[in-house]
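# What the coordinates show
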There are 4 protein chains.
Amino acid sequence: MKTRVAKKGKSDKRAAIMEAFLGLVSERGFHNTPMSLVAKTSGVSTGNIYHYFPSKEDIIIELYRKIKLEFIRAMVDGFSDDQTFRERFRSIWLIVLEYRKSHPKETSFLEQFENSPYITPSLSEELMVAAKPLGDLLTQSIKEEIIKDLPIDLLVSLYTGGAVFLAKKFIADTIVLDDELIEAAFDACWDAIKK
Amino acid sequence: MKTRVAKKGKSDKRAAIMEAFLGLVSERGFHNTPMSLVAKTSGVSTGNIYHYFPSKEDIIIELYRKIKLEFIRAMVDGFSDDQTFRERFRSIWLIVLEYRKSHPKETSFLEQFENSPYITPSLSEELMVAAKPLGDLLTQSIKEEIIKDLPIDLLVSLYTGGAVFLAKKFIADTIVLDDELIEAAFDACWDAIKK
Amino acid sequence: MKTRVAKKGKSDKRAAIMEAFLGLVSERGFHNTPMSLVAKTSGVSTGNIYHYFPSKEDIIIELYRKIKLEFIRAMVDGFSDDQTFRERFRSIWLIVLEYRKSHPKETSFLEQFENSPYITPSLSEELMVAAKPLGDLLTQSIKEEIIKDLPIDLLVSLYTGGAVFLAKKFIADTIVLDDELIEAAFDACWDAIKK
Amino acid sequence: MKTRVAKKGKSDKRAAIMEAFLGLVSERGFHNTPMSLVAKTSGVSTGNIYHYFPSKEDIIIELYRKIKLEFIRAMVDGFSDDQTFRERFRSIWLIVLEYRKSHPKETSFLEQFENSPYITPSLSEELMVAAKPLGDLLTQSIKEEIIKDLPIDLLVSLYTGGAVFLAKKFIADTIVLDDELIEAAFDACWDAIKK
DNA sequence: TATGAATGAGGCTTCATTCAT
DNA sequence: AATGAATGAAGCCTCATTCAT
């Protein structure tokens, strides 16, 4: 079985497994995604999957970490100190919308994961650290009396909620997202948290 | 059927199954809830469960319908024409918070169900009808320029989001809900949608 | 539940069960015919079926006895001493063909039953007695050197085979049975056994 | 795969499953043969059976195809152009008798299968092709006015019937098959179809 | 590393029969 | 006689994981 095509390197297999897993889970759900199907889809044999991951659950968790991290980083990288506070929030909001719109699989996965009762998110230290700039921005904004003095995660939820919602409807193809709507939606979210 | 003493009439079994199912699913997830466990927990034998429901999936769907309906009704019944628009919204918001806080199982179930990729909610006519007063309130409020002119469901999401979020944190026991916080959270949600 | 319509008498229920059973088994096979379906089809409740029959297997056996007996009697009643031997055989042959053609359910049932390995036909005394005139005819015909001296049941098989076969094809709608074909087929069967 | 010693290669398991299945079904019937018993008897674990066959029904069908094909081939290979027509028929007849006598399990299986109402034989192309020489012989014999001009399958039934019947009685141990009887029986069958 | 056959517990569902009424 | 709810063993099949190669 020697193919001319470049053999996948080590980490490629790992990546292939995760990618296949993500695609399958987003369409079929965790429990409707047997390892055998992951094997077929990823091109990595069942047995070998267990060489890269100790168990199915581990794949799920690793995937969650990876996606969540990616998402957080997109947000964090999307604003800069050059912007006014409101501009920063706007940037972040647009990034949330954009990321979710352009990552339907990841969106579905996150949603499922974060609503599974028996899979405790248990945000790893890693995620906390990555999200720090966001927390700092919020804390700072509260202190400067730009946004309301509410618990940070509530603020995030209020603020982010609209964008996530719109993205889901966009993916489900039950809405048309024009600039006007986006702007109006952002304003609503901003109104929610601004002082 | 002359016994005065409740001998667990017909519908009691049905109810027992649904109740057991709800409890188990909320703690273990759909797929981690085998029918055998439902049988044991509900006190209804495996075989007999299938006398009341055609399949596991049907139980899930019926349960969703029932809970969602209950939740919608709670909201709808919670406001009256005597109130100002803002008061109505406030009543609804508080009911959402209260319902979710006091119905952790139902909350978990709804959350899981509505995020399952392979179980399409497909809101039945029944639910639509029940929710009509809410839709009317929103439509009316938009027309009277009390709230923003945004898609109804986005408004609901923005508006409801804060209450649901707080309830979840309350259930997870990661927040203390005092009146002040509740009031502030409501204000934020109201700011999001009010014109 | 008092209907104006005449309530089925005792034996009517028995008959209803057997009739429903026959129809279902002929289309679905023994094991694909649950008692619950028999109940629904016959209009007799599950529990009550067991008032009339001790078990499912008993119904099968009774049904077999009844049908086989009916079939045998049709043959026996179909010839008389007024006829020549050949005429008698012809009459019987035509009756077999006719009975099978006009009793597709019974035919299917007999076929299934007689080929079930775990249901031993064990022809009851009753059946033997009923078939005696046939046996006598054959014995007599052998003695008079009209037909070949072969084991009785082989003769029956050879002789009957053609008619049964034609009837099955007729039922399956894969043949057109005109008089000419019938006559030719009879001749073939007669040739098989005649001396 | 360098071992010389037979270590039960891949296809051995497949064969083991089919063999066990055949034995069980012939003695207990399709529906009285649970997969668990097939597993135990064949020495292949339940789960692994499904690695070789998609379902129980598939095993049945494959088995039917295999056995029927084997049987047809035995007949087809049993006569040659060197023989007179009558000799050819005789050869075939004897082969049918012999095959059935020496293959009681297969005989029982074929009988059950071909009388199951819900399993349509649907003779595959493969079987048709294999049986072609037989059909040709019959067609030719009709043309040369050696046998009667009757539908091919009726001829087969008439002709084959006696041999099959005898074999069944032999297997059931309710007959003694000596040469004289065999010869007489063959003559009867031949008389049935010969012109 | 890599394969995929093998395992076997466990999942959902069916169904003959019994039981309470 | 009659009902149909109730039982629970058993059936078919799935699937995470391990094992032999």
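Residues numbered from 1 in each chain as written. Chains lettered and ligands numbered in written order. Predicted model: local features only at pLDDT ≥ 70, side-chain atom pairs only at ≥ 80, totals over all residues. Heavy atoms only, no water.

In this section: the overall build of chain A. Of the regular secondary structure elements, chain A holds nine helices and zero strands. Starting at the N terminus and walking to the C terminus, you meet the elements of chain A as α-α-α-α-α-α-α-α-α. Per-residue burial over chain A gives 46% buried out of 195 residues. Nonlocal contacts in chain A, meaning residues at least 24 apart in sequence, comprise 71% of its contacts between residues at least 6 apart. For chain A, the accessible area works out to roughly 10100 Å², and carbon and sulfur atoms hold 53% of it. Averaging the positions of the 27 positive and the 29 negative side-chain charges in chain A gives two centres separated by 10 Å. (Helix = DSSP H or I, 4+ residues; strand = E, 2+ residues; numbered from the N terminus. Buried < 20%, exposed > 50% of the residue type's maximum accessible area, 1.4 Å probe, protein only. Contact = heavy atoms within 4.5 Å. Areas by Shrake-Rupley, 256 points an atom, 1.4 Å probe, with all protein chains shown as cover. Lys, Arg positive; Asp, Glu negative; His and termini not counted. Charge placed at Lys NZ, Arg CZ, Asp CG, Glu CD.)

Expressed as a screw transformation, the operator carrying chain C onto chain D has a rotation angle of 180° and an axial translation of 0.1 Å, and the superposed copies differ by an RMSD of 0.1 Å. Seen this way, the second copy is the image of the first under a two-fold rotation axis. The C-alpha atom lying nearest the rotation axis in chain C is that of Ala192(C); the distance is 2.2 Å. Here 100% of the contact residues of chain C are again contact residues in chain D; the copies associate through an equivalent surface. (Least-squares fit on C-alpha atoms with pLDDT ≥ 70 in both.)

Attention now goes to the interface of chain A and chain B. Each partner contributes to the interface: chain A provides 31 residues, whereas chain B provides 33 residues. Both faces combined, the contact of chain A with chain B buries some 2300 Å², and carbon together with sulfur accounts for 70% of it. Summed over the three residues of chain A that lose the most area to chain B, namely Asn115(A), Pro117(A) and Phe165(A), the buried surface amounts to 21% of that side. Salt-bridge contacts for Lys148(A) lead to Asp191(B); the nearest nitrogen and oxygen are separated by 2.5 Å. Only α1 (10-28), α6 (104-114), α8 (152-171) and α9 (179-193) of chain A provide two or more residues apiece to the side of chain A that touches chain B. Taken together, the residues of the side of chain A that touches chain B sort by class into 15 nonpolar, seven polar and nine charged. (Buried area = accessible area lost by both parts, 1.4 Å probe. Salt bridge = Lys/Arg side-chain N within 4 Å of Asp/Glu carboxyl O. Nonpolar A, V, L, I, M, F, W, Y, C, P; charged D, E, K, R; others polar.)

A cluster of acidic side chains, namely Glu145(C), Asp149(C), Asp178(D), Asp179(D) and Glu180(D), defines a negative patch on the protein surface. Mapping Asp149(C) onto the fold places it in the loop between α7 (125-143) and α8 (152-171). (Patch = residues over 30% accessible without salt bridge, like charges linked within 9 Å, V, L, I, M, F, W, Y side chains within 5 Å.)

Moving on, we come to the relation of the copies chain A and chain B. Both copies of the chain are related by a screw-like operation: a rotation about an axis and a shift along it. By a simple turn and slide, chain A fits onto chain B: the slide is 0.0 Å along the axis, the RMSD is 0.1 Å, and the turn is 179°. In this assembly, 100% of the residues forming the interface of chain A have copies in chain B that are likewise at the interface, indicating an isologous arrangement.

Further remarks concern the protein's contact with DNA strand F. Around DNA strand F, 32 residues are found, and the nearest of them are Met35(A), His51(B), Tyr52(B), Tyr52(C) and Tyr50(D). Put simply, 69% of the atoms of DNA strand F that lie within 4 Å of the protein are in sugar or phosphate. Measuring from a phosphate oxygen of DNA strand F, one finds a side-chain N or O atom of Lys56(A) at 2.8 Å. A distance of 3.3 Å separates a phosphate oxygen of DNA strand F from a polar atom in the backbone of Ser45(C). When its residues are assigned to classes, the surface near DNA strand F shows eight nonpolar, 17 polar and seven charged. (Near = heavy atom within 4 Å. Polar contact = N/O pair within 3.5 Å; in protein donor to acceptor, adjacent residues only side chain to side chain.)

This paragraph deals with the domain arrangement of chain A. Residues and elements named next belong to chain A. On domain assignment, one finds that chain A holds domain 1 (7-54) and domain 2 (64-193). Taken together, the contact between domain 1 and domain 2 spans eight residues of the former and 11 residues of the latter. Note on domain 1 versus domain 2: buried area summed over both sides is about 780 Å², and carbon and sulfur give 71% of it. Summed over the shared surface of domain 1 and domain 2, the number is zero salt bridges. Linking domain 1 to domain 2 there are three residue pairs in polar contact (both at pLDDT 80 or more). Classifying every residue of the side of domain 1 that touches domain 2 by side-chain character gives four nonpolar, four polar and no charged. (Domains from an automatic or database assignment.)

Moving on, we come to the packing of helix α5 (residues 85-102) of chain A against α6(A). Residues and elements named next belong to chain A. Where α5 contacts α6, the two axes come as close as 5 Å, and the packing angle between them is 100°. Viewed along their axes, α5 and α6 adopt a mutual orientation that is roughly perpendicular. Of the residues in α6, those touching α5 at Tyr99, Arg100, Lys101 and Ser102 are Pro104, Glu106, Thr107, Leu110 and Glu111. Taken together, the residues that form the contact of α5 with α6 break down as three nonpolar, two polar and four charged. (Axes fitted to C-alpha atoms, helices over the stretch in contact; angles between N-to-C directions. Parallel < 35°, antiparallel > 145°, perpendicular 65-115°, else oblique.)

As for chain C relative to chain A, no contact occurs, and the smallest C-alpha gap between them is 30 Å. Separated without contact, chain B and chain D have their nearest C-alpha atoms at a distance of 20 Å.

With that settled, the discussion passes to unusual backbone geometry. Residue and element names in this part refer to chain B. We note that Glu145 has phi near 55°; this positive angle belongs to a residue other than glycine. Assignment of secondary structure puts Glu145 in the loop between α7 (125-143) and α8 (152-171). A residue is classified by how much of its surface remains accessible, and Glu145, at 55% relative accessible area, is exposed.

Around DNA strand E, a shell composed of 32 residues is seen, among which Tyr52(A), Tyr50(B), Met35(C), His51(D) and Tyr52(D) lie nearest. Backbone atoms, meaning sugar and phosphate, make up 69% of the atoms of DNA strand E lying within 4 Å of the protein. One nitrogen or oxygen atom from the main chain of Gly47(A) is found 3.3 Å from a base nitrogen belonging to DNA strand E. Secondary-structure elements contributing two or more residues to the surface near DNA strand E are α1 and α3 (46-52) of chain A, α3 (46-52) of chain B, α3 (46-52) of chain C together with α1 (10-28) and α3 (46-52) of chain D. For the surface near DNA strand E, the element with the most residues is α3(A), which contributes five residues. Residues that form the surface near DNA strand E fall into these classes: eight nonpolar, 17 polar and seven charged.

Attention shifts here to the packing of aromatic side chains. For the structure shown, the criterion picks out 28 aromatic pairs over all chains. An aromatic cluster of three or more residues is present, and its members are Phe30(A), Tyr64(A), Phe109(A) and Phe113(A). Between the NZ or CZ atom of Arg88(C) and the centre of the ring of Phe85(C), over which it lies, the distance is 4.7 Å. (Phe/Tyr/Trp six-rings, centres within 6.5 Å; stacked < 30°, edge-to-face > 60°. Lys NZ or Arg CZ within 6 Å of the ring centre and 35° of its normal.)

Membership of the largest hydrophobic core comes to 128 residues, with the highest contact counts inside it found for Trp93(A), Phe109(A), Trp93(B) and Phe109(B). Ignoring sequence-local partners within four residues, the contact set of Trp93(B) consists of Tyr159(B), Gly162(B), Ala163(B), Leu166(B), Ile182(B), Ala185(B), Phe186(B) and Cys189(B). (Core = buried A, V, L, I, M, F, W, Y, C linked by side-chain atoms within 4.5 Å.)

Before going further, it helps to examine the environment of Ala74(A). All names here are of chain A. Summarising the element assignment, Ala74 is placed in helix α4 (residues 56-76). The exposure class of Ala74 is partly exposed, given its relative accessible area of 25%. Each C-alpha atom, one on Ala74 and one on Tyr99, is 7.8 Å from the other, the two residues being 25 residues apart in sequence. With sequence-adjacent residues up to four places away left out, Ala74 is seen in contact with Ile95 and Tyr99.

All names here are of chain A. In the structure shown here, the tally under the stated rule is 46 salt bridges over all chains. Here Glu111 and Lys168 are joined by a salt bridge, their closest N and O atoms 2.6 Å apart. Linking Glu111 in helix α6 with Lys168 in helix α8, this pair joins segments that are 57 residues apart in sequence. The class for Glu111 is buried, based on a relative accessible area of 11%. When salt bridges with common partners are traced through the structure, they connect Arg100, Glu111 and Lys168 into a single cluster.

At the interface, 31 residues of chain C touch 33 residues of chain D. Its largest share of buried area at the contact with chain D, chain C owes to Asn115(C), Pro117(C) and Phe165(C), together 21% of the area lost on that side. Counting across the chain C and chain D interface gives four residue pairs in polar contact (both at pLDDT 80 or more). No other element matches α8(C), which puts nine residues into the side of chain C that touches chain D. Class assignment for the residues of the side of chain C that touches chain D results in 15 nonpolar, seven polar and nine charged.

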